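# Notes for the structure review
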Amino acid sequence: MSSKEQKINGLDRRQMAETIGAIKSDPSLAQFEFRNRNRWVDGGENVSTIQGFYGAGVEDQSRDKPFVFTNGEPPVLLGNNEGANPVEFLLHALAGCVTTTFILHAMARGIAIRELSTELAGDLDLQGLLGIDDSVSPGYEQIRIKLHVEADCSDAELDELIATAHRRSPVCNTVCRPVPVSLTRA
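Residues numbered from 1 in each chain as written. Predicted model: local features only at pLDDT ≥ 70, side-chain atom pairs only at ≥ 80, totals over all residues. Heavy atoms only, no water.

What follows is about the sheet that holds strand 3 (residues 33–34). As summarised here, the arrangement of the three strands in space is 3-6-7, forming an open sheet in which the pairing is antiparallel. Across the chains shown, the open sheet's two edge strands, defined by having one partner strand only, are strand 3 and strand 7 (58–59). (Pairing = 2+ DSSP bridges. Helix = DSSP H or I, 4+ residues; strand = E, 2+ residues; numbered from the N terminus.)

Let's shift gears to the side chain of Glu-73. The topology assignment puts Glu-73 in the loop between strand 8 (67–71) and helix 3 (86–108). We note that Glu-73 is buried and unpaired, the nearest opposite charge coming from Arg-39 at a distance of 16 Å. Within the structure, Glu-73 has its side chain in polar contact with the side chain of Asn-85 (distance 3.3 Å). Each residue touching Glu-73, except ones within four places of it in the same chain, is listed here: Gly-44, Gly-79, Asn-80, Asn-81, Glu-82, Gly-83, Asn-85 and Pro-86. (Buried < 20%, exposed > 50% of the residue type's maximum accessible area, 1.4 Å probe, protein only. Lys, Arg positive; Asp, Glu negative; His and termini not counted. Salt bridge = Lys/Arg side-chain N within 4 Å of Asp/Glu carboxyl O. Polar contact = N/O pair within 3.5 Å; in protein donor to acceptor, adjacent residues only side chain to side chain. Contact = heavy atoms within 4.5 Å.)

Approximately 2,200 Å³ is the volume found for the largest pocket. Together, 39 residues line the largest pocket, and Phe-34, Ala-93, Cys-97, Pro-170 and Val-171 are the ones closest to its centre. Per-class residue counts for the lining of the largest pocket are 23 nonpolar, twelve polar and four charged. (1 Å grid on protein atoms, 1.4 Å probe; cavity = no way out; pocket = protein on both sides within 12 Å on 5 of 7 lines; lining within 4 Å. Points joined across faces, edges and corners; volume = space filled by probe spheres on them. Nonpolar A, V, L, I, M, F, W, Y, C, P; charged D, E, K, R; others polar.)

So, on to a nonpolar patch on the surface. Among the surface-exposed residues, Val-76, Leu-77, Val-87, Leu-124, Leu-126, Leu-129, Leu-130 and Ile-132 lie close enough to one another that they form a single nonpolar patch of about 720 Å² accessible area. Relative to the assigned elements, Leu-126 resides in helix 4 (residues 126–129). (Patch = residues over 30% accessible without salt bridge, like charges linked within 9 Å, V, L, I, M, F, W, Y side chains within 5 Å. Areas by Shrake-Rupley, 256 points an atom, 1.4 Å probe, with all protein chains shown as cover.)

On inspection of all chains with the given rule, the structure shows six salt bridges. In this structure, the salt-bridge partner of Asp-152 is Arg-114, at a minimum N-O distance of 2.1 Å. Residue Asp-152 is found in the loop between strand 10 (140–151) and helix 5 (155–168), and its partner Arg-114 is found in strand 9 (residues 113–124); the two are separated by 38 residues along the sequence. It is possible to trace a salt-bridge network through shared partners that takes in Glu-33, Arg-35 and Glu-59.

This is the structure in structure tokens:
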């Protein structure tokens, strides 16, 4: 395999094959635990710090510095625009995961992507969050994702890649199905 054939969409096909082979030989390597620590600052502002995680059978040591994200609220929601709000971060996480999943599966199929961008919009009714109407969900009522793609494949292959990204994206899957979440006092 030439170096040009080895990398598609910036991902290494040989490394992916080795990863899949290792997981098939030892399924425990597929188990990951990702973590986030969050600290309230004031009002609607809080800060998340992400650094360590467990995966591939070991505690990861690859990150020298943590990733720090400030969550805030716009003035209309009693904040000062300290950062994107958590439901906007959810859209960010969803966009990033769908994009990465799409690119990964395109690479696995040997499809070169020339351009990929997404637009997301979600509808949320604050009556649920504020406890005004118990019949209204406090979360998104729906989320729409539009993918703008230029790729070296047929429309049918592109449609299948989009369906695969929807089906295989961990964040999309998490958002689309009930996932147990426990809140406990430390």
